[in-house]
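Reading the structure
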Amino acid sequence: MINRWITFAACLLLGSGVGWWLAGKDGIEPGLLLAGFVWLLLDTLQIVRLLKWLRAEQNAEEPGSLSSLSPPTGGMWGEVADRTRRILKNRDRHYQESQARLNEFLAAMQASPNGVVLLDAEGRIEWCNQTAAQHFGFDAQRDVMQHIANLVRDPAFTAYLSSGNFSRDVTIPGGRSTPARPVKLAVHLHAYGRGRKLLLSRDVTALELAEAMRRDFVANVSHEIRTPLTVLSGFIETLQTLPLKEPERTRYLGLMAQQSQRMQTLVNDLLTLSRLEGSPLPDTGEWVTTGALLAQCEQEARSLSTMLAPAGHRLEFEPGPPCELAGVQNELLSAMSNLVTNAVRYTPPSGLIKISWRVLDDGRGEFQVQDTGPGIAAEHIPRLTERFYRVDRSRSRETGGTGLGLAIVKHVMQRHGAELRIESQPGHGSRFSMVFPAARVRQLQAVATISTSLL
Ligand code: ADP
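Looking now at the overall build of the chain. Across its full length, the chain carries 13 helices and 13 strands. For the chain, whose C-alpha radius of gyration is 44 Å, the value lies well above the compact-globule estimate of 23 Å for 455 residues. Expressed along its principal axes, the backbone C-alpha trace of the chain runs to roughly 155 × 75 × 35 Å. Taken over 455 residues, the chain has a buried fraction of 36%. Of the contacts made within the chain by residues no fewer than 6 positions apart, 59% connect residues no fewer than 24 positions apart. Total accessible area on the chain is roughly 27400 Å²; 58% of this is exposed by carbon and sulfur atoms.

Have a look at this one:
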């Protein structure tokens, strides 16, 4: 500031000196005035330049982008410009840092597996991530500043939003939910800031489905166990209270043994299923001969056939080329014998049942069971491998079925990378095939040839 006064005084002195030199004593005063005017003019020009530069800086679109104009340099206005420039630079740096932090924060929210929606105090959408847009069917750009209640119209959500009590979450159908593909969302609101809300959404479709399946499963198992248990306790009561003759007692004990056998089969099947679900996938190191598997199936089929019908069935076995299958022996046997025993149980006496093994042209192996039984209507086929799904409930029970056989087959197939194919038509019998990948099949002749050529 002192420099400014010194410059001003020096300017006046110079003006008066020039006036005196040019016009003597009379020139001092006009010289002083002229010097003052020139100084003021130059000063004003500096201010105008500074203002122009400041305006240009303000109008620059991007913070941190430089205007083409240069600010005044030197003097008080130069210092003002310099300090302003430093303040602006600092402000830009802070702005860019905060912008980068905000972008990182938003990127983190974008990466969240949950839907995130930021609502203002009026309940309008300020921002939402892609997951939320997908969950609710929003357009992340177009729906900004739309009221959430106008976009999510589920009554449970509306009641939740207006209740103001956000201590628990609420489950609502997703924005793209259809009866064929239902989507369930768990939605939770959290209040923050001044009346703002954070809305989090989670896709719980799979969880809800698993929970529904668990409930159904428990209900089914309870039902399956309760029936033989009721029969058993009825017989026990009869035996305890009535003085029965020996033949009657023997008959009742026989029926009781049948019911307890039914429960035992059910428990065994349940244990097999849970073992299949819980154990690691079988590796390809263990090889089982298909001949042995088919021989065991044949034995089971023949004894079951004579047990169910004195006339028996016409059973045909085609063991095919001697092969080995990579997998767990008891799992493979359980799957194959389930198909074979089903064929025997559902085919009327004297019906034809063909059981075969063959190697397909591409090296895959196929185990096939074909029968001349009642056949299955098309609408049931996709559901046959569901637990406890039965087409013919009474036939299944009469022949000791648990409703779990094909569920076990499906699990064993999945664990061995194999495929279960079911072809059937009501009145024309059924054909169940298990197709194993080529990597799990080896023909024993081929092995023998290789070992001979190596010798
Ligand atoms: P289940 O113990 O009742 O036989 P499964 O899971 O083995 O249970 O089979 C499911 C249902 O598929 C059976 O209840 C039966 O209605 C039908 N089914 C299975 N195999 C045959 C077959 N070979 N012929 C006709 N129906 C069959």
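Before going further, it helps to spend a moment on the sheet that holds strand β13 (residues 441-443). Overall, antiparallel pairing links the three strands, which are arranged β6-β8-β13 in an open sheet. Edge strands, defined here as strands with exactly one partner in the open sheet, are β6 (287-289) and β13. Averaged over neighbouring strand pairs, the angle between their axes works out to 30° when direction is ignored. Pairing of strand β8 (residues 323-326) with β13, which is carried by three bridges, proceeds in the antiparallel orientation. When the bridges of β13 are listed, Glu324 appears paired with Arg442.

What follows concerns the nonpolar core. In this structure, Phe367, Met434 and Phe436 are the most contacted members of the largest nonpolar core, which totals 46 residues. Here the element with the most residues in this core is helix α10 (residues 329-346); it accounts for eight residues. Taken together, domain 3 (209-279) and domain 4 (281-455) each give at least three residues to this core, which thus spans both. Judged by nonpolar contacts, the second largest core, of 20 residues, contains Leu119, Ala132, Phe136 and Leu185.

Tallied over the entire structure, the rule returns 25 salt bridges. Between Arg83 and Glu79 there is a salt bridge; the shortest N-O distance is 3.0 Å. In this pair, Arg83 and Glu79 both sit in helix α3 (residues 75-111), four residues apart, roughly one turn of the helix. Looking at Glu79, the relative accessible area reads 42%, which means it is partly exposed. Linking Arg390 and Glu224 is a salt bridge whose minimum nitrogen-to-oxygen distance equals 2.7 Å. One end of the pair, Arg390, is in the loop between β10 (365-371) and α11 (393-398); the other, Glu224, is in helix α7 (residues 205-241), and 166 residues separate them in sequence. Several salt bridges converge on common partners, so that one network encompasses Asp82, Arg85 and Arg86.

For the rest of this paragraph, the subject is empty space enclosed by the protein. Counted under the stated rule, the structure contains one cavity of 30 Å³ or more. In terms of lining residues, the largest cavity is bounded by Glu224, Pro228, Arg262, Met263, Leu266, Gly401 and Thr402. Looking at the lining of the largest cavity, the elements that each hand over two or more residues are α7 and α8 (246-278). Its residues placed into classes, the lining of the largest cavity shows three nonpolar, two polar and two charged.

Quick look at the packing of aromatic side chains now. This model, assessed by the stated rule, comprises seven aromatic pairs. With a centroid separation of 5.5 Å and 65° between ring planes, the pair formed by Tyr160 and Phe166 is classed as edge-to-face. Each member of the pair Tyr160 and Phe166 is classed as buried. Taken together, the ring pairs in this structure connect Trp5, Phe8 and Trp39 into an aromatic cluster. Against the face of Phe217 rests Arg387, its NZ or CZ located 5.0 Å from the ring centre.

Turning next to helix α2 (residues 28-59). If you check α2, its first and last C-alpha atoms are 46 Å apart, about what 32 residues at 1.5 Å a residue would give, namely 46 Å. Here α2 has its buried residues at Gly31, Ala35, Gly36, Trp39, Asp43, Leu50, Trp53, Ala56 and Glu57. At its buried positions, α2 is contacted by α1 (2-23) and α3.

A grouping of Leu14, Val18, Trp20, Trp21, Leu22, Ile28 and Leu32 is seen on the molecular surface, where their side chains present a nonpolar patch of about 790 Å² in accessible area. Of all the secondary-structure elements, those providing two or more residues to the nonpolar patch are α1 and α2. Take the nonpolar patch: its biggest share by element is five residues, from α1. Counting through the fold element by element, Leu32 comes out in helix α2.

Around the ligand, a shell composed of 20 residues is seen, among which Asn342, Tyr346, Ser396, Gly403 and Leu406 lie nearest. At 3.2 Å from an oxygen atom of the ligand is found a main-chain nitrogen or oxygen belonging to Asp392. At 2.8 Å from an oxygen atom of the ligand is found a main-chain nitrogen or oxygen belonging to Gly403. Taken by itself the ligand offers 520 Å² of open surface, and the protein chains cover 98% of this. Of all the cavities here, the one that holds the ligand is the largest pocket.

Moving on: the layout of surface pockets. Rolling a probe over the atoms, with the probe sized like a water molecule, indicates the empty space that remains. Within this model, the largest pocket holds a volume of roughly 1300 Å³. What lines the largest pocket is a set of 46 residues, among which Asn342, Arg345, Thr399, Gly400 and Gly401 lie closest to the centre. Among the secondary structure elements, those contributing two or more residues to the lining of the largest pocket are α8, α9 (290-308), α10, α11, α12 (405-415) and β12 (430-436). Classifying every residue of the lining of the largest pocket gives 15 nonpolar, 21 polar and 10 charged. Lining the lining of the largest pocket are residues from two domains, each supplying at least three of them: domain 3 (209-279) and domain 4 (281-455). Taken as a whole, the second largest pocket encloses approximately 450 Å³ of empty space. Considering the residues around the second largest pocket, the lining is formed by 19 residues, among which Met213, Asp216, Phe217, Glu386 and Arg387 are closest to the centre. Among the secondary structure elements, those contributing two or more residues to the lining of the second largest pocket are α7 and α12. Counting residues domain by domain, the lining of the second largest pocket receives three or more from each of domain 3 (209-279) and domain 4 (281-455).

Calculation criteria
- Residues numbered from 1 in each chain as written.
- Predicted model: local features only at pLDDT ≥ 70, side-chain atom pairs only at ≥ 80, totals over all residues.
- Heavy atoms only, no water.
- Helix = DSSP H or I, 4+ residues; strand = E, 2+ residues; numbered from the N terminus.
- Rg over C-alpha atoms; globule rule 2.2 N^0.38 Å.
- Buried < 20%, exposed > 50% of the residue type's maximum accessible area, 1.4 Å probe, protein only.
- Contact = heavy atoms within 4.5 Å.
- Areas by Shrake-Rupley, 256 points an atom, 1.4 Å probe, with all protein chains shown as cover.
- Pairing = 2+ DSSP bridges.
- Axes fitted to C-alpha atoms, helices over the stretch in contact; angles between N-to-C directions.
- Core = buried A, V, L, I, M, F, W, Y, C linked by side-chain atoms within 4.5 Å.
- Domains from an automatic or database assignment.
- Salt bridge = Lys/Arg side-chain N within 4 Å of Asp/Glu carboxyl O.
- 1 Å grid on protein atoms, 1.4 Å probe; cavity = no way out; pocket = protein on both sides within 12 Å on 5 of 7 lines; lining within 4 Å.
- Points joined across faces, edges and corners; volume = space filled by probe spheres on them.
- Nonpolar A, V, L, I, M, F, W, Y, C, P; charged D, E, K, R; others polar.
- Phe/Tyr/Trp six-rings, centres within 6.5 Å; stacked < 30°, edge-to-face > 60°.
- Lys NZ or Arg CZ within 6 Å of the ring centre and 35° of its normal.
- Expected span 1.5 Å × (residues − 1).
- Patch = residues over 30% accessible without salt bridge, like charges linked within 9 Å, V, L, I, M, F, W, Y side chains within 5 Å.
- Near = heavy atom within 4 Å.
- Polar contact = N/O pair within 3.5 Å; in protein donor to acceptor, adjacent residues only side chain to side chain.
- Sits in = over half its atoms within 2 Å of the grid points.

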